[in-house]
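As a plain string of letters, each chain reads:
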Amino acid sequence: GERQSGVHNRQWTIQPADKSDESVKHAALVERALMTISEGEGDSGFSKDISEFLMAVYYGIAISEVTWRDTDITAKVNDKTVSERMTVPDRILSRDPRRFVFDDMGGLCLYTPDSMYEGVPVPVGRFIIFRPYSRYEGFYGYPKARLVWWATWFKRKIMLLLLKYAE
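Notes on the structure in this doc start here. (Residues numbered from 1 in each chain as written. Predicted model: local features only at pLDDT ≥ 70, side-chain atom pairs only at ≥ 80, totals over all residues. Heavy atoms only, no water.)

So, the nonpolar core
Next, step 1: Ranked by size, the top nonpolar core spans nine residues in total: Ala28, Leu29, Ala33, Ile73, Ala75, Val77, Val82, Met86 and Val88.
Next, step 2: Those elements that provide at least two residues to this core are helix 2 (21-35), strand 1 (62-77) and strand 2 (80-95).
Next, step 3: Non-local contacts of Val77, meaning those with residues more than four positions away in its chain, are made with Val24, Lys25, Ala28 and Val82. (Core = buried A, V, L, I, M, F, W, Y, C linked by side-chain atoms within 4.5 Å. Buried < 20%, exposed > 50% of the residue type's maximum accessible area, 1.4 Å probe, protein only. Helix = DSSP H or I, 4+ residues; strand = E, 2+ residues; numbered from the N terminus. Contact = heavy atoms within 4.5 Å.)

Side note on the pairing of strand 4 (residues 108-112)
Next, step 1: Of all five residues in strand 4, four are buried, a share of seventy percent or more.
Next, step 2: Where strand 3 (residues 100-102) folds back on strand 4, the antiparallel hairpin that results is connected by five residues, among which Gly106 adopts a positive phi of roughly 90°.
Next, step 3: As defined by bridge partners, strand 4 adjoins strand 5 (residues 115-121) across three bridges and the pair is classed as antiparallel. Bridge pairing in strand 5 links Leu110 to Val120.
Next, step 4: Between strand 4 and strand 5, which pair antiparallel and follow one another directly, the connecting turn spans two residues. (Pairing = 2+ DSSP bridges.)

Some thoughts on the sheet that holds strand 2
Next, step 1: The three strands lie next to each other as 2-1-6, forming an open sheet whose pairing is antiparallel. Each end of this open sheet is capped by a strand with a single partner; those strands are strand 2 and strand 6 (127-130). For this sheet the average axis-to-axis angle between neighbouring strands, irrespective of direction, equals 40°.
Next, step 2: The sheet contacts of helix 2 involve strand 1 and strand 2, and relative to strand 1 the element is tilted by about 125°. (Axes fitted to C-alpha atoms, helices over the stretch in contact; angles between N-to-C directions.)

This is the structure:
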């Protein structure tokens, strides 16, 4: 909606932590690394990933899987070209939050065919969890769409009754 359009239309940059040459260099390299996130198989790069994260506002949570790669990143810093070997995100893939559960300590677990009730713990750094709103230390966030759930449920039930009556 409007929020996603507003975010996509804004210019973004990575700001260095301070004015030192090292911070400026790292900020340029990180910005370049974000721009090189893959655009394959239905992805459209970092912009698409931000759009997926913004859906967490409505649903309470968004979970994305990050695949990593080692590569040389080259960026322009103060009219000089710098290059550094870095481990950077290759792809960020949106995942259905219904495939995950949290353990008692808040650790993310993935449902698998062998573990349909408690889930299998996932490696740290493999998934990004975005919960823009959270109440009472809840792991699943607090969705904005909760306000319209009953209205849409009643609408579906009324439509079902009308279709049965029209039959």
